[in-house]
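Residues per chain are reported as follows:
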Amino acid sequence: MSKTPLYIIPARGGSKGIPRKNIKNFAGTPLIHYSIDVARKLSDDKHIIVSTDDNEIADVARQAGLAVNYMRPADLATDTAGSREVMIDAMDWADKNGIDYDMIVLLQPTSPLRTVEDVKGCIDIYNCDLDMVVSVVDAQSNPYYNCFETDPETGFLHISKGTGLYTRRQDAPKAWEYNGAVYVINPKSLRDKPMGKFTKRIPYEMPRDRSVDLDTLTDWIIAEMIYKQNNADND
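Residues numbered from 1 in each chain as written. Predicted model: local features only at pLDDT ≥ 70, side-chain atom pairs only at ≥ 80, totals over all residues. Heavy atoms only, no water.

## Details of unusual backbone geometry
Trans peptide bonds make up the majority, and among non-glycine residues the majority have a negative phi. Condition: Secondary structure counts use DSSP, requiring at least four H or I residues in a row for a helix and at least two E residues in a row for a strand, with both numbered from the N terminus. Burial classification: accessible surface area is computed with a 1.4 Å probe over protein chains only, and a residue below 20% of its type maximum counts as buried, one above 50% as exposed, and the rest as partly exposed.
Look at arginine 20: it is not a glycine, yet its phi comes out positive at around 55°. Secondary-structure assignment places arginine 20 in the loop between strand S1 (5-10) and strand S2 (25-26). Judged by relative accessible area, arginine 20 falls into the partly exposed class, the value being 30%. Of note, alanine 27 is a non-glycine position whose phi angle comes to about 55°, a positive value. Summarising the element assignment, alanine 27 is placed in the loop between S2 and strand S3 (29-30).

Right, here's the structure in full:
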């Protein structure tokens with residue numbers, strides 16, 4: 001089956017945790033360039049959309065050699081705007097401009113350690129009967145082992161899931177968490193329902209050293225250290 005992804009790179013101007021993070025230099029290169037570079041190694045430029053409301057971010061994206069012809073509406077650039085609505089607006093623009101695609105590949109700029117192979121691996125296991133393939137990492141906290149909830153009546157802690165009788169983490173059922181790096185999404189599913197209601201989701205496992213999602217300055221420092229070490233090893 002021929003697969004034609006539409007790559008969407010979301011990069012709004014507002015950012016509270018790390019101000020202007022989408023264009024902040026990461027290991028000497030604007031952060032958004034890493035996602036653009038991965039997408040361009042897998043696609044022609046016509047199928048890559050940087051979704052931003054910010055002219056400076058658009059200009060920095062153009063410095064990577066990518067034309068930015070679409071601008072995100074201001075009402076989709078607020079703290080409360082959902083990623084689903086952002087993607088649907090970009091899809092509508094692609095549809096109006098005669099751009100064909102049969103899947104959405106969402107690449108958030110905050111995952112600069114993802115590789116071309118990670119994205120390709122997600123695309124390879126996607127099919128149109130699925131809602132989504134999503135990159136995951138082994139969860140550091142497991143609801144069967146070391147995640148607890150508070151009983152609303154007593155205030156006592158109890159295990160989140162299961163009996164609480166597991167004494168070794170490796171015996172507990174495997175738990176995953178999204179790492180934010182790659183989402184391969186069925187366009188019809190996205191238009192039909194919120195992503196939280198997707199039932200046909202397939203995980204693509206990534207190692208922890210490529211799963212750092214830049215949310216805080218601490219994340220940024222750790223990710224840069226990993227990136228520089230990996231590149232030193234490859235020299």
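## Focus on the sheet that holds strand S5 (residues 103-106)
Defined as follows: The pairing criterion is simple: DSSP has to find at least two bridges between the two strands. Axis lines are fitted to C-alpha atoms, over the contacting stretch for helices. Their N-to-C directions set the angle, which ranges from 0 to 180 degrees. Here, two residues are considered to be in contact whenever any of their heavy atoms come within 4.5 Å of each other.
Read across the sheet, six strands follow the order S4-S1-S5-S9-S6-S10 without closing on themselves; strand pairing throughout is mixed. Of all strands in the sheet, those bounded by a partner on one side alone are strand S4 (48-51) and strand S10 (201-205). Put simply, the sheet's adjacent strands are angled 35° from each other on average, direction ignored. Sheet topology places S5 next to strand S9 (residues 176-185); three bridges connect them, and they run antiparallel. Bridge pairing in S9 links valine 105 to valine 184. Across the sheet, helix H4 (residues 116-125) is in contact with S1, S5, strand S6 (132-138), S9 and S10; its angle to S10 comes to roughly 150°.

## With respect to the packing of helix H1 (residues 31-40) against helix H2 (residues 55-63)
Under the convention used in this document: By definition in this entry, angles of less than 35 degrees are roughly parallel, angles greater than 145 are roughly antiparallel, angles of 65 to 115 are roughly perpendicular, and the rest are oblique. The handedness criterion is simple: a crossing whose near helix is rotated anticlockwise from the far helix by less than a right angle is left-handed, and one whose near helix is rotated clockwise is right-handed. Any residue that is not Ala, Val, Leu, Ile, Met, Phe, Trp, Tyr, Cys, Pro, Asp, Glu, Lys or Arg is counted as polar, Gly included; the first ten are nonpolar and the last four charged.
It is at 9 Å that the axes of H1 and H2 come closest, and there the two elements cross at 50°. Considered as vectors, H1 and H2 are oriented oblique to each other. Where H1 crosses over H2, the two elements pack in a sense that is right-handed. Touching Ile32, His33 and Ile36 of H1 are Ile57, Val60, Ala61 and Gln63, all from H2. In terms of residue class, the contact of H1 with H2 is made up of five nonpolar, two polar and no charged.

## Structural notes on the environment of alanine 81
Among the secondary structure elements, alanine 81 is positioned in the loop between H2 and helix H3 (83-96). Ignoring any residue separated from it by four or fewer positions in sequence, one finds alanine 81 in contact with Asp75 and Leu76.

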